[in-house]
Amino acid sequence: MTEGPVLAPGELLTVDSVPRYLAAVPALAAVVDAGALTSVVEVGDGNLNLVFVVTDTAGRSLVLKQSLPHVRTDPSWPMTRERSAREARILAAHRAVDPDHVPELYAFDPAGQVLALEDLSDHVVWRVALNRGELHAEAAADLGGYAARAGFGTSVLALGTAGHKAAVAASMNPELSEITEDLVLTEPFAGHPHNAVLPANEADVAALAADPEVLAAVGRAKWAFMTRAEVLLHGDLHTGSVFVRAAADGRPRSTRAFDAEFGAYGPLGFDVGMLWGNFVLAAARATALGEDGRAARLLELPAAAWTAFEAEWRRLWPTRTDPRVYGDAVLEDLLARALADATAYAGAEAARRVVGFAKAADVETLPEELREGAARGALRAARQLLLAAGRGEDPAALSAVTGELLRAAATR
């Protein structure tokens, strides 16, 4: 943390005030030289934060991320600024068990709600890379392993009873958890002003919302999200909150999950499920563009992420703090339930990115004549995944069916 207040109450950073701010935070002196900056660029393109990339004359750099008091695109929608403190706690907890897959946190200023983070400008947002035709397939397994390490390391199996209960209490994130409950697990299936699709897809949305089996599956998933404080989640792990970098010029490839401000304790399979839903959207885009081979490769990613998750969880299992009643039968039950949860959340995420607020560019940037079929296919895949939750079906088999649904719905 910083040593004292640097910003006035409620003050937001600007390009002009960033140098003064950096000079007043001693913890950052070893990261960048505030007196020799070459650039300060505001790069935030999301709804919730100001983001500045700062570089000095020696080429050293960092990122300053400050929470806004409202949604950027809708100032009438207030947001708690305490989410920055929660993100700092999540970063610390996740870096403790997997430092290779989250950015380094240099400092946190609780008064100004500013995080000083590792600059990952030599990476690219995975969704952006996918939409321009790249793959970075290894990132799926990286993130499956990350979700397992972060999950196991923040569970009762690693922290013990008292440690786990204290961590759950310290990680409460009610305002942003409610956004997930509404935007992912309610509104796309119940009708809401946030929802908007092409006129040609209105019947598809209505059919999904009128399906009692779908509503029951979403209801079970929402109940689990609201009541099962199993592991400390990233909470918003999709391809737009992952940086990737290919190996080149002697640098190793890299995968980093960022923007964990939605994190809270929740069901073990949630983060993998959110990723899975976004892989479906990437495949829907490829299918719409006539790239069936690429779509097939994208639909291998859910199984890759799950396989890595399961393997890492099994590897960590012998390190559990109390094996007296947590035997191998419990491990199998936990993994089976995690897969069921991941399958359901994949379906919910695929639907909400088509229907509701915060749509995915994978589908939204397609020409209308192609978007219609991609959206329809994604919604049919969402239904398929929601109804498959709990049946113990292999992600590869489920993805094969998803591919068939996407091809059948394509309007190319």
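Focus on the overall build of the protein chain
Helix and strand content of the protein chain: 16 helices and 12 strands. A globule of 412 residues ought to have a C-alpha radius of gyration of about 22 Å, and the protein chain, at 21 Å, matches this closely. If you line up the protein chain on its principal axes, its C-alpha atoms span 60 × 55 × 45 Å. Within the protein chain, the proportion of its 412 residues that are buried is 56%. Considering only residue pairs separated by 6 or more positions, the protein chain has 71% of its internal contacts joining residues 24 or more positions apart. When the accessible surface of the protein chain is totalled, it reaches about 16400 Å², and 56% of it is carbon and sulfur.

Focus on the nonpolar core
W126, L143, F189, W276, L298, F309 and W313 are the most contacted members of the largest nonpolar core, which totals 94 residues. Those residues in contact with F309 that sit more than four places away from it in its chain are G144, G145, A147, A148, L268, V272, L335 and A338. With 20 residues, the next largest nonpolar core counts L22, V32, L62 and A107 among its residues.

Notes on the sheet that holds strand β2 (residues 49-56)
Paired through their backbone hydrogen bonds, the strands of a sheet run either parallel or antiparallel. Taken in spatial order, the 5 strands make up an open sheet running β1-β2-β3-β7-β6, and their pairing is antiparallel. Looking along the sheet, the strands with just one partner apiece sit at the ends: β1 (37-42) and β6 (105-109). With strand direction ignored, the average angle separating the axes of adjacent strands in the sheet is 15°. In terms of strand pairing, β2 meets strand β3 (residues 61-67) through 7 bridges, oriented antiparallel. Its bridge partner being in β3, T55 is matched across the sheet by S61. Contacts from helix α2 (residues 83-97) reach β2, β3, β6 and β7 (114-117), with the element oriented near 150° to β6.

Remarks on the packing of helix α10 (residues 270-288) against helix α13 (residues 328-355)
Viewed as axis vectors pointing N to C, α10 and α13 meet at an angle of 45°, and their least axial separation amounts to 7 Å. On the basis of their axis angle, the class for α10 and α13 is oblique. In this structure, the crossing between α10 and α13 has a hand that is right-handed. Residues F270, V272, G273, M274, W276, G277, N278, V280 and L281 of α10 touch α13, and the partners they reach there are L339, A342, T343, Y345, A346, E349, A350, R353 and V354.

So, the side chain of N195
Structurally, N195 can be placed in the loop between α7 (187-190) and α8 (202-209). Not counting the four nearest positions on each side in its chain, N195 is found in contact with E187, P188, V355 and G356.

Examining the sheet that holds strand β11 (residues 254-257)
Here we have 3 strands laid out as an open sheet, ordered β8-β10-β11, and antiparallel in their pairing. Pairing within the sheet leaves two strands with one partner each, and these edge strands are β8 (124-125) and β11. Lying on the sheet, helix α4 (residues 138-153) is in contact with β10 (242-245) and β11; it crosses β11 at an angle near 45°.

Overview of unusual backbone geometry
Backbone phi values are negative for most residues with the exception of glycine, while trans is the configuration of most peptide bonds. One non-glycine residue with positive phi stands out, namely D249, at about 55°. By the secondary structure assignment, D249 is in the loop between β10 and β11.

Comments concerning the packing of aromatic side chains
Taken as a whole and judged by the stated rule, the model has 7 aromatic pairs. Look at W126 and F279: their rings are 5.5 Å apart centre to centre, the planes differ by 75°, and that puts the pair in the edge-to-face class. One end of the pair, W126, is in helix α3 (residues 126-131); the other, F279, is in helix α10, and 153 residues separate them in sequence. In terms of burial, W126 and F279 fall into one category: buried. For the ring pair F309 and W313, a centre distance of 6.1 Å and an interplane angle of 15° mean the geometry is stacked. Placement of both F309 and W313 in helix α12 (residues 301-316) is noted, with a separation of 4 residues, approximately one turn of the helix. When sorted by exposure, F309 lands in the same class as W313, which is buried.

A short note on the environment of L62
Here L62 shows up in strand β3. Accessibility expressed as a relative area gives 0% for L62, which makes it buried. Each C-alpha atom of the pair L62 and A338 lies 36 Å from the other, and the pair is 276 residues apart in sequence. Discounting chain neighbours no more than four positions away, the residues touching L62 are L22, L28, V31, V32, F52, V53, V54, Y106, L117 and D119.

Looking at α10
Over its 19 residues, α10 extends 28 Å from the first C-alpha to the last, a length consistent with the 27 Å expected when each residue adds 1.5 Å. Summarising burial for α10: 19 of the 19 residues are buried, a large majority. The positive-phi residue at the C-terminal boundary of α10 is G290, with phi of around 80°.

Parameters and conventions
- Residues numbered from 1 in each chain as written.
- Predicted model: local features only at pLDDT ≥ 70, side-chain atom pairs only at ≥ 80, totals over all residues.
- Heavy atoms only, no water.
- Helix = DSSP H or I, 4+ residues; strand = E, 2+ residues; numbered from the N terminus.
- Rg over C-alpha atoms; globule rule 2.2 N^0.38 Å.
- Buried < 20%, exposed > 50% of the residue type's maximum accessible area, 1.4 Å probe, protein only.
- Contact = heavy atoms within 4.5 Å.
- Areas by Shrake-Rupley, 256 points an atom, 1.4 Å probe, with all protein chains shown as cover.
- Core = buried A, V, L, I, M, F, W, Y, C linked by side-chain atoms within 4.5 Å.
- Pairing = 2+ DSSP bridges.
- Axes fitted to C-alpha atoms, helices over the stretch in contact; angles between N-to-C directions.
- Parallel < 35°, antiparallel > 145°, perpendicular 65-115°, else oblique.
- Left-handed = near helix turned anticlockwise from the far one by under 90°.
- Phe/Tyr/Trp six-rings, centres within 6.5 Å; stacked < 30°, edge-to-face > 60°.
- Expected span 1.5 Å × (residues − 1).

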